[in-house]
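Examination of the molecular architecture
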Amino acid sequence: MQVWENYCNLAPTQQSMTRPARIGTVCIRRFYATSSKNSSASSFLEQLAENDFLVAKKSGNGLKVPATKNVHPSSPARTRFAPSPTGFLHLGSLRTALYNFLLARATKGEFVLRVEDTDQTRKKEGAEENIYESLTWAGISWDEGPTNGGPHGPYRQSERLDIYKKYANQLIQSGHAYRCFCSRERLDQLRASAKKLTPPSMATYDRHCYHLDHSESERNAVSGKSYTIRLKSTEKYPKVRDLLHGELDLQVQTNYTDTRYDDPVLFKTDGYPTYHLANVVDDHLMRITHVIRGEEWLPSTPKHLAIYDAFGWTPPEFVHIPLLTSLEDKKLSKRTGDIGIKEYALNGVLPEALVNFVALFGWSPAAGADQPKRKRQSTGGEILSMDQLIQKFNLNGLTKGNVKVSESKLEFFNAHYLKTLIETPDGLDAIAREVQPLFIEKFSNVAANKLKFELDYIKQVVSLFKGKIQNVKDLPDEASYVFYDSPNWGTSDAMNYIEQLSVTNESKAAVSILEEFLQWWNSRKELWTPAEVDTFIKSLAKEQGYKSSTVFQTLRFALSGSIPGAPLSQLMILLDKENVTRRVVGALRILKL
């Protein structure tokens, strides 16, 4: 312990040379467990946190106890999202973009958008435009990119070929790379033979072309002979230091009786760089400090670190986030729910809901000192706007392990943000305009009163179902009984109500309730207010001795065919005096049969 206390008192320059091995949390707790008021203990632990070794948390005895190493940057981070235009943006890509965006904004840094279109054979028409549109819809803006330029452009890799050629040739000149003239057939034979080895070798190349004389390699290239450029990999790849997973030693499996080499291709025969070279060169030249990407890129990271070493460059910090899976723990795909972002928009999902949903795929907002995580989540703490996400986002909140995607949580978020949107005048107007064509399409042949399709009436319908729907696309079905002259009394909900009356012997009570309501409803010409309706319904139950549930269920049967949702008093005002009267009379006719 004394070693660590002495260490924390050193100047930063001295610390970098004398940093001792990582200390265990258990040791610290045992050492200071007997003295909760020990100022030396508190000071020591605070110094550990201040020196970025640990994130300090309060324990039950009042001491700050170290939990995990602090991996969140203390200076502005420069991040990037680098999609390939080989398909439309989906959930996994949106999460990657969002986390990089949030880290940049949370640290007051910069977020770069780069299009990695070096694989021309898989490039899909419209995919690049889809990237821009999807990110913009989600509220993710970029400081530099193909659409707005910047000091480190161009930001489309197909426009940076001369840059990649320059650096590939630099590696050849330094002896870290070489041209490979092997035919596809020879390479296929090498791969096949490597698989047959026991154990099989994942490294397949035999470095046949590495041994070519430099002048011969130059002559072949000048003569137009097709070639790739390979990295001369080191005997062992560098260890990966990942901010989420820690230190990882990811080596390629080889067979020691038949030596093969990994030697990844940096430049293809078509004159385009591979992902490995272009990614490293671009991240270095664009001054990227942090790379957040999917776990599937972990096997490539040792190769990238080897390229950084070959150039003598310092790599960025890496964070590899877990895979997204279905509830059955299968990798998320189109078949298991991973649809395009624009499809979510077309299906009525709000951008705020989808962003909130995606943000929690492997990240949890840090709990406040007086609000434990469990309590916070149960009280709606997972509802986070983009501004709140930016304020709270911290790399220490990232979690390991595959993330199971549950659409039910997205429905919950969408219902919340839809209700919030409807509560604002502009939001109500926008939603009403969106659903107006849906109502016209569905009910134009049945609605007797065409005024029901005017925007003001649609706004009233939308307001009526505020908080009762999860998606705007649900409105035409949920509100269908509003647009018909009378509800459908043959639905399962209505038939269940009628059956319930016979079981509880309340059929006569239901008839009396509707007759008394009808008499009151038509006792004046003017339309009643919602407050007056509520007052009468309560008095009907109290003064006549009916159960409150019977009164409400009976009136709902008459007005909506027992479909729940809309507040009864507001529904009556929306339907108007004559329509309500017609529905109650119709319900009485059925109940008296």
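Quick note: structure is the one above.
I will try to describe carefully the structure that is included in this document.

Conventions used here
- Residues numbered from 1 in each chain as written.
- Predicted model: local features only at pLDDT ≥ 70, side-chain atom pairs only at ≥ 80, totals over all residues.
- Heavy atoms only, no water.
- Pairing = 2+ DSSP bridges.
- Helix = DSSP H or I, 4+ residues; strand = E, 2+ residues; numbered from the N terminus.
- Axes fitted to C-alpha atoms, helices over the stretch in contact; angles between N-to-C directions.
- Phe/Tyr/Trp six-rings, centres within 6.5 Å; stacked < 30°, edge-to-face > 60°.
- Buried < 20%, exposed > 50% of the residue type's maximum accessible area, 1.4 Å probe, protein only.
- Lys NZ or Arg CZ within 6 Å of the ring centre and 35° of its normal.

**Quick word on the sheet that holds strand β6 (residues 228-231)**
In space, the three strands of this open sheet follow the order β5-β6-β9, with antiparallel pairing throughout. Two strands lie at the open edges of the sheet, namely β5 (177-180) and β9 (265-267), each paired on one side alone. On average, adjacent strands in this sheet sit at an angle of 40° to one another, irrespective of strand direction. Relative to β6, β5 is paired through four bridges, and the arrangement is antiparallel. Considered in β6, the bridge of Arg179 is made with Ile229.

**Considering the packing of aromatic side chains**
Tallied over the entire structure, the rule returns 27 aromatic pairs. Their ring planes at 0° and their centres at 4.9 Å tell us that Phe443 and Phe483 sit as a pair that is stacked. Placement of the pair is Phe443 in helix α17 (residues 425-443) and Phe483 in helix α20 (residues 480-483), with a sequence separation of 40 residues. Between Trp520 and Phe536, the ring centres sit 4.3 Å apart and the planes meet at 5°, which makes this aromatic pair stacked. Placement of the pair is Trp520 in helix α22 (residues 507-521) and Phe536 in helix α23 (residues 530-544), with a sequence separation of 16 residues. Here Trp520 matches Phe536 in class, with each residue buried. What links up through ring pairs into an aromatic cluster is the set Phe439, Phe443, Phe453, Tyr457, Phe483 and Tyr484. Looking at Lys577, its charged tip hangs above the ring of Trp521, at a distance of 4.9 Å from the centre.

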